[in-house]
Amino acid sequence: MSGAITAAPEKLGQSDRPAHPGLTLLALATAGAVVSIQQTLVIPLLPRLMTAFDVSVTAVTWVFTASLLAGAVATPLLSRFGDMYGKKKMILVAMALLVVGSVVCAVSGSLGVLIVGRVLQGTSTALIPLAIGMIRDVFPRDRVTSAIGIVSATMGVGGTLGMIVTGLIADRVTGYHPMFWIAAGLAAVGLVLIAFSAPDTGGRTGGRPDLIGAAVLAGWLVCLLLGISEGNEWGWASGGVIGLFAGAAALCALWVLIELKVKQPLVRLNLLVGPKSLSANVASMLLGFSMFAAFTLISNFVQAPKDKIGYGLSGSVLDVGLYMLPSTVTMLVFSSLAGRIAGRLGPAYTLAIGSVFAGLSYLWLAVSNAHVYDVLAFSALQGIGFGIAYAALGTLAVQHVPMDQSGIASGINSLVRTTGGSVAGAVTAAILTGHTIAGSAVPTLDAYELCFYIVAIGAALAAAVAVVHGLRHKSSTP
């Protein structure tokens, strides 16, 4: 495979190599699926939680957004810890936090406690880049891209499974607590698999964690997302919203200064905006926006009562997951083929192909959305797109960096993808709450279609960025 990884792996001790690479990959993929399940487990429940806690769409969306926000901060931090102290240890920490967070959600009785639990769950998002770094450390060169593709595909597969699990239980019980007990059990299984199957890989760089950088990063992301989500309710020109955006800008500038001056920064800015990293990270942010926007939009759209408001599919919580099954199937198939495509075309052009399919799926739904087959066609196309794109993105993120920086490079790429997802939740919630049917809080069909067009444009921009990357760095392609 030409150009998949440019740096040769460091020489590892025999104890560092997995005795059974297939078992290691199974453990990492299982843990990745569990992490993705927690991300989408609550999405079909958002309408129910809104009623249970008597809160607005904007408020209940934080049950989803808080998890993504926590992941955005925890990912570079735990990735850095992985390079410092070992990736396996940090994967186990991530899974343990997922277990604890799931239990907190399962025993919660208020929206605030539920959000706290979701924050703890969200820190497990760091597992994906840690797993990619571990694969790059120990797998044979010719298997790295395929293995990364399989683990990356678990983000979409696990996301769909999460909605199906929720649907199966929600049709039989009225509360939300059982779903989180199941998440806790699955996380415990993933933790045990990692503990017994994954090798302890990579060097130990030592050093101190950039906790101040992590705190400032969290601060400006919260200000940004809160400003977007509250814009409709407070007024976009209100002092509160302007203050939040100004605070986000100021804290972001402060964060950049900290990262430039601290000896061992949370995010190495050359890996974030360097000439060979910027395009991969921009594409990752745009794809994160597209993927996570789909989860929230499709859930609400499928459950919309067509006989009352004129659109939607009048589906149940279970229907949401079932309609996304084609995405699971096509994502599994095409993520396994992504390694071969990247071997012929290079990861940049492979990423562009996947992004085009993702964009077409949203364009279909924006133009035609009145029938079940529209959602099924969208689901199948989306799975093809993200199956190819995320597999290629995982390789592109670490392609140009030294082995000892693969964890943090993958973590930064995951950070911007998760940030894109967080922004997607806030933006789509703002659009849906800003365009409602007269005399109600129900979004109009035009609001959904506008969201679908915006997400399609995001995927198209990701494709364009990937093509430019391929043209600028032709040595990365065959």
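Just so we're clear, the structure is a prediction, and the values are computed from it rather than from any experiment. (Residues numbered from 1 in each chain as written. Predicted model: local features only at pLDDT ≥ 70, side-chain atom pairs only at ≥ 80, totals over all residues. Heavy atoms only, no water.)

On to the packing of helix α12 (residues 278-303) against helix α19 (residues 445-472). Viewed as axis vectors pointing N to C, α12 and α19 meet at an angle of 155°, and their least axial separation amounts to 9 Å. Here α12 lies roughly antiparallel to α19, going by the angle between them. Crossing of α12 over α19 shows left-handed handedness. Along the contact surface, α12 presents Ser279, Val282, Ala283, Leu286, Leu287, Phe289, Ser290, Ala293, Leu297, Ile298, Asn300 and Phe301, while α19 presents Leu445, Tyr448, Cys451, Phe452, Ile454, Val455, Gly458, Ala459, Leu461, Ala462, Val465 and His469. Of the residues contributing to the contact of α12 with α19, the split by class is 19 nonpolar, five polar and no charged. (Axes fitted to C-alpha atoms, helices over the stretch in contact; angles between N-to-C directions. Helix = DSSP H or I, 4+ residues; strand = E, 2+ residues; numbered from the N terminus. Parallel < 35°, antiparallel > 145°, perpendicular 65-115°, else oblique. Left-handed = near helix turned anticlockwise from the far one by under 90°. Contact = heavy atoms within 4.5 Å. Nonpolar A, V, L, I, M, F, W, Y, C, P; charged D, E, K, R; others polar.)

A few words now on the environment of glutamine 264. Mapped onto the elements of the fold, glutamine 264 is located in the loop between α10 (239-261) and α11 (269-273). You can call glutamine 264 partly exposed: its relative accessible area is 25%. (Buried < 20%, exposed > 50% of the residue type's maximum accessible area, 1.4 Å probe, protein only.)

The next subject is the nonpolar core. A general tendency of soluble globular proteins is for nonpolar side chains to be buried together. Formed by 108 residues in total, the largest nonpolar core has its most connected members in Met95, Ile135, Trp255 and Leu351. In terms of residue count, α12 provides more of this core than any other element does, 14 residues in total. Core analysis: the second largest hydrophobic core is formed by 20 residues, Ile169, Ala170, Met179 and Phe180 among them. (Core = buried A, V, L, I, M, F, W, Y, C linked by side-chain atoms within 4.5 Å.)

This next bit is on the environment of proline 265. Its location among the elements puts proline 265 in the loop between α10 and α11. Along the backbone, proline 265 and proline 76 are 189 residues apart, and their C-alpha atoms lie at a distance of 9.9 Å.

Each aromatic ring pair is characterised by the separation of its centres together with the angle its planes make. The final tally for this structure, using the stated rule, is nine aromatic pairs. Arranged with centres 6.0 Å apart and planes meeting at 75°, the rings of phenylalanine 301 and phenylalanine 452 form a pair that is edge-to-face. Of this pair, phenylalanine 301 sits in helix α12 while phenylalanine 452 is found in helix α19, placing the two residues 151 residues apart along the sequence. Relative accessible area serves as the criterion here: at 1%, phenylalanine 301 is assigned to the buried category. For phenylalanine 452, a relative accessible area of 1% translates into the label buried. Every member of this aromatic cluster is reached through a ring pair, and the members are Phe301, Tyr311, Tyr448 and Phe452. (Phe/Tyr/Trp six-rings, centres within 6.5 Å; stacked < 30°, edge-to-face > 60°.)

In this section: the side chain of serine 290. By the secondary structure assignment, serine 290 is in helix α12. Using a relative accessible area of 0% as the deciding quantity, one classes serine 290 as buried. Reaching out from serine 290, the side chain makes a polar contact with the backbone oxygen of valine 455 at a distance of 3.4 Å. Contact partners of serine 290, with chain neighbours within four places excluded, come to Tyr362, Phe386, Val455, Gly458 and Ala459. (Polar contact = N/O pair within 3.5 Å; in protein donor to acceptor, adjacent residues only side chain to side chain.)

Before going further, it helps to spend a moment on the environment of tyrosine 311. Relative to the helices and strands, tyrosine 311 is located in the loop between α13 (306-309) and α14 (317-323). With 59 residues separating them in the primary sequence, tyrosine 311 and alanine 370 have C-alpha atoms 6.8 Å apart. Discounting chain neighbours no more than four positions away, the residues touching tyrosine 311 are Phe301, Ala304, Pro305, Lys306, Val442, Pro443, Thr444, Leu445 and Tyr448. There is a polar contact of 2.3 Å between the side chain of tyrosine 311 and the backbone oxygen of proline 443.

Let us now look at unusual backbone geometry. A positive phi angle, close to 55°, is found at aspartate 54, a residue other than glycine. With respect to the helices and strands, the residue aspartate 54 is situated in the loop between α2 (46-53) and α3 (57-85). Residues other than glycine seldom take positive phi values, yet serine 314 does so here, at roughly 50°. Among the secondary structure elements, serine 314 is positioned in the loop between α13 and α14.

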